[in-house]
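Geometric and topological summary
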Amino acid sequence: MAKLLWSVGSLLVMLGMAALVFGWDTLLWLPTAAVDMAKSNPETYGIIGAGAVLMALARLLGRRE
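Source: prediction; values computed, not measured.

1. A look at the overall build of the protein
Secondary structure summary: the protein contains 4 helices and 0 strands in total. When its helices and strands are written in sequence order, the protein yields α-α-α-α. The C-alpha radius of gyration of the protein comes to 16 Å, more than 25% above the 11 Å expected for a compact globule of 65 residues. Dimensions along the principal axes, computed over C-alpha positions, put the protein at roughly 40 × 35 × 10 Å. The buried share among the 65 residues of the protein stands at 3%. Across the protein, the mean location of the 5 positive side-chain charges is 16 Å away from that of the 4 negative side-chain charges.

2. Overview of helix α1 (residues 2-22)
The terminal C-alpha atoms of α1, which comprises 21 residues, lie 30 Å apart, in line with the 30 Å expected from a rise of 1.5 Å per residue. Taking burial as the measure, the 21 residues of α1 include 2 buried ones, a minor fraction of the element. Positioned one or two residues after α1, G23 has a phi angle of 95 degrees, which is positive.

3. Digging into the environment of N41
Residue position: N41 is located in the loop between α3 (29-40) and α4 (42-64). Considered as a pair, N41 and A52 are 11 residues apart in the sequence and their alpha carbons are 17 Å apart. Side chain to side chain, N41 and T44 meet in a polar contact 3.3 Å long.

4. Overview of a nonpolar patch on the surface
On the surface, M1, L4, L5, V8, L12, L15, W24 and L28 cluster together to form a nonpolar patch covering roughly 860 Å² of accessible area. Per-element tally for the nonpolar patch: the top contributor is α1, with 5 residues. Inspection of the secondary structure assignment puts L15 in helix α1.

5. Examining the confidence of the model for the protein
If pLDDT is low for a region, its predicted coordinates should not be looked at in detail. Put simply, the protein has an average pLDDT of 86, and 97% of its residues get 70 or more. Mean pLDDT values for the elements of the protein range from 83 in α3 up to 89 in α1.

Cut-offs and rules
Residues numbered from 1 in each chain as written. Predicted model: local features only at pLDDT ≥ 70, side-chain atom pairs only at ≥ 80, totals over all residues. Heavy atoms only, no water. Helix = DSSP H or I, 4+ residues; strand = E, 2+ residues; numbered from the N terminus. Rg over C-alpha atoms; globule rule 2.2 N^0.38 Å. Buried < 20%, exposed > 50% of the residue type's maximum accessible area, 1.4 Å probe, protein only. Lys, Arg positive; Asp, Glu negative; His and termini not counted. Charge placed at Lys NZ, Arg CZ, Asp CG, Glu CD. Expected span 1.5 Å × (residues − 1). Polar contact = N/O pair within 3.5 Å; in protein donor to acceptor, adjacent residues only side chain to side chain. Patch = residues over 30% accessible without salt bridge, like charges linked within 9 Å, V, L, I, M, F, W, Y side chains within 5 Å. Areas by Shrake-Rupley, 256 points an atom, 1.4 Å probe, with all protein chains shown as cover. Salt bridge = Lys/Arg side-chain N within 4 Å of Asp/Glu carboxyl O. pLDDT = per-residue confidence, 0-100.

As structure tokens, then:
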């Protein structure tokens, strides 16, 4: 659990530093562009999203074995 908390904390520190250097508008441009692309072709991105969820689930289940 401590390893997970350390990783999340490190990620948040890096995100904050990147926001200081580049600004929030620049950092949030990529997610906004991804949402716009997903709206234009939802079937393809739905399949990609389902695959990503299955990969994450497999990773979580693999840790328990």
